[in-house]
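Residue-level listing of the chains:
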Amino acid sequence: MSFLIIFSSCSQTDKAKTKQLYLNKQERSIGSFLSGANFWQNSTKIEDYSVQEKNLIFENIKDLPFIVDSHMHLAAKTNVKQDNFINPKFDKYFRYPILSFKKNIFWSAFGVKSEQTINIDILDRIYRLTNYFPGIKYYGLVFAFAAVYDKESGEKNIEKTAFSVSNKYLINQIKNSPHLIPVGSIHPYQKNLKEEFLFLVKNQVRLIKILPNSMGFSPRDENCHLFFKLLNQHKLILITHVGDEHSVDSGHINNNNGNPLHYKKWLIKYPKLKIIFAHVGSEGKNLDNKGSEQYNFDLVLQLMEEFPQQTYADISAFSSVVERASYLPLLLKRQDLMDRLIYGSDYPVQMILPLVKTALWYMQWKNLIKSDASLLTSIYDKNPLVTSFLTMKKVKYNNKSFPKKVFAKNFIKIFNDRPLPIQLQKYF
Ligand SMILES: [Zn+2]
């Protein structure tokens, strides 16, 4: 499927029709109502925004060359040939009510209209949101997602996998889209590890994403050696989830695997290895090397101090998850780390309106956002990615905010010793 086809079909659809289109059976479900997807207007033109909304947007993008969103998820329907998978547990409403409720919310956030059109709907929504970001070029890093693999056999463990999106599928779907950048995903235990690395390199993929809490491995395990060796050899940047995880869950999450210190031995062994710690580890606690409990957030900062040439962190989901937002004062205080923080939305998490609203209330209550909260909510109706970006641009603590380099240039700088994703090479 080509994005050009999607693009031309979107531009012909008028707003009222699109709104109606989005209110079909799936969108009227409880999960969908709670996710806020019913209220999303899917705006494609700058005229859709009010004068105040436009002013707020332009005032915040005017000194930026472009925006990089370093953290966007994709999902796809189970298909053996494409090697995509969604655990059938999620459809067993009576046996797994919480899992199926979660899936319902995520489907709605992803823009799924019916079981028959899952893949088209998901790609269509991510394409529209990024392509119609008002007034500025918006580059999104979109993640493949590896299945769980068994340590002994190197074979896929479907039972323990919540969902997976193959590298091949991701690359095929977004290769014609100049502003979406594919991020591969490889499981350290998978048998065909070397071939998968070569496949990604051949397709000019420059980054790899993992989520050890849900993928069932400890990054500290010696069995991950080949993974880190190949990562280093091919000069790929690792984006890894650190800290607790709740979303990608088929009942097998292990939050000990989210300990940031698990990467220390690989950072020492491979001094050119570069890692982006997702969400600055802003949830939960883990043990440090002396066996005492520490906030994962503090453990990430500790590694960032210790490995200044090798470590980075993304600020994704700080605009939509209250627990993460509660770390904002501590993070904004650390102006010494601002060269190594990069912006991310954690799409589709920031599509979920109750999360966004609660986070905004919290930030207002803590005086982190002084005004504009109601404008930020009304902009959500047009494009939730704009709300997420503006929230992180506006947030302030003791007069300190995220500098503009966090939203564009810092990402480019990570690649000072290796090739950038082709979409961004013109900015180097
Ligand atoms: Zn994420």
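See above for the structure.
Draft legend 1. Seen up close, the overall build of the protein. Summing up its helical and strand segments, the protein has 18 helices and 14 strands in all. Computed over its C-alpha atoms, the radius of gyration of the protein comes to 20 Å, within 12% of the 22 Å expected for a compact globule of 428 residues. Looking at the protein residue by residue over its 428 residues, the buried ones come to 49%. Pairs at least 24 residues apart make up 76% of the contacts formed inside the protein by residues separated by at least 6 positions.

Draft legend 2. Highlighting helix α15 (residues 353-365). The end-to-end C-alpha distance of α15 is 18 Å, a good match for the 18 Å that 13 residues give at a rise of 1.5 Å each. Considered for burial, the residues of α15 that qualify are Leu353, Leu355, Val356, Ala359, Leu360 and Met363. Here the buried residues of α15 occupy an arc of 160° about the axis, which is enough to place them on one side. Turned more than 90 degrees away from the buried face of α15 sit Pro354 and Trp365, all of them exposed. Looking at the residues trailing α15, positive phi occurs at Asn367, about 65°.

Draft legend 3. Broad picture of the sheet that holds strand β11 (residues 311-314). Spatial ordering of the open sheet is given by β6-β7-β8-β11-β12, a layout of five strands whose pairing is parallel. Sheet topology places β6 (207-210) and β12 (341-342) at the edges, where each strand pairs with a single neighbour. Two elements, β11 and β12, share two bridges in a ladder whose sense is parallel. For Asp314, the partnering residue across the bridge sits in β12 and is Ile342.

Draft legend 4. Up close: the environment of Lys366. Tracing the sequence through the fold places Lys366 in the loop between α15 and α16 (373-380). In the structure, Lys366 is positioned 37 residues away from Pro329 in sequence and 9.4 Å away in space, judged by C-alpha atoms.

Draft legend 5. How the structure looks around the packing of helix α4 (residues 51-61) against α16. Orientation of α4 relative to α16, taken along the N-to-C sense of each, is 100°, at an axis distance of 10 Å. As far as their axial angle goes, α16 and α4 are roughly perpendicular. Listed contacts from α16 to Gln52, Glu53 and Leu56 of α4 are Leu375, Ser378 and Ile379. Taken together, the residues of the contact of α4 with α16 break down into three nonpolar, two polar and one charged.

Draft legend 6. Focus on the sheet that holds strand β3 (residues 138-143). Taken together, three strands build an open sheet; the order of strands is β1-β3-β5 and the sheet is parallel. Pairing within the sheet leaves two strands with one partner each, and these edge strands are β1 (67-73) and β5 (180-183). In this sheet, adjacent strand axes meet at a mean angle of 25° when their direction is disregarded. Across the sheet, helix α7 (residues 167-174) is in contact with β3 and β5; its angle to β5 comes to roughly 170°.

Draft legend 7. Representation of unusual backbone geometry. Omega for the bond connecting Tyr347 with Pro348 falls within 30 degrees of zero, at 5°, which places this linkage in the cis form. Locating Pro348 in the fold gives a position in the loop between β12 and α15. Even without being glycine, Ala317 reaches a positive phi, approximately 70°. Judged by the 25 C-beta atoms lying within 10 Å of it, Ala317 falls in the buried class. Its identity is not glycine, yet Asn399 carries a phi of approximately 70°, on the positive side. Here Asn399 shows up in the loop between β13 (396-397) and β14 (400-401).

Draft legend 8. Layout of helix α10 (residues 225-233). Burial in α10 covers these residues: Phe227, Phe228, Leu230 and Leu231. The arc that holds the buried residues of α10, viewed along the axis, is 165°, so those residues lie on one side. Each element contacted by the buried residues of α10 is listed here: α8 (193-202), β6, β7 (237-241) and α11 (264-269). In the stretch just after α10, Lys235 is the one whose phi turns positive, near 55°.

The rules we used
- Residues numbered from 1 in each chain as written.
- Predicted model: local features only at pLDDT ≥ 70, side-chain atom pairs only at ≥ 80, totals over all residues.
- Helix = DSSP H or I, 4+ residues; strand = E, 2+ residues; numbered from the N terminus.
- Rg over C-alpha atoms; globule rule 2.2 N^0.38 Å.
- Buried ≥ 20, exposed ≤ 12 C-beta atoms within 10 Å, placed from the backbone.
- Contact = placed C-beta atoms within 7 Å.
- Expected span 1.5 Å × (residues − 1).
- Arc of directions from axis to C-beta.
- Pairing = 2+ DSSP bridges.
- Axes fitted to C-alpha atoms, helices over the stretch in contact; angles between N-to-C directions.
- Parallel < 35°, antiparallel > 145°, perpendicular 65-115°, else oblique.
- Nonpolar A, V, L, I, M, F, W, Y, C, P; charged D, E, K, R; others polar.

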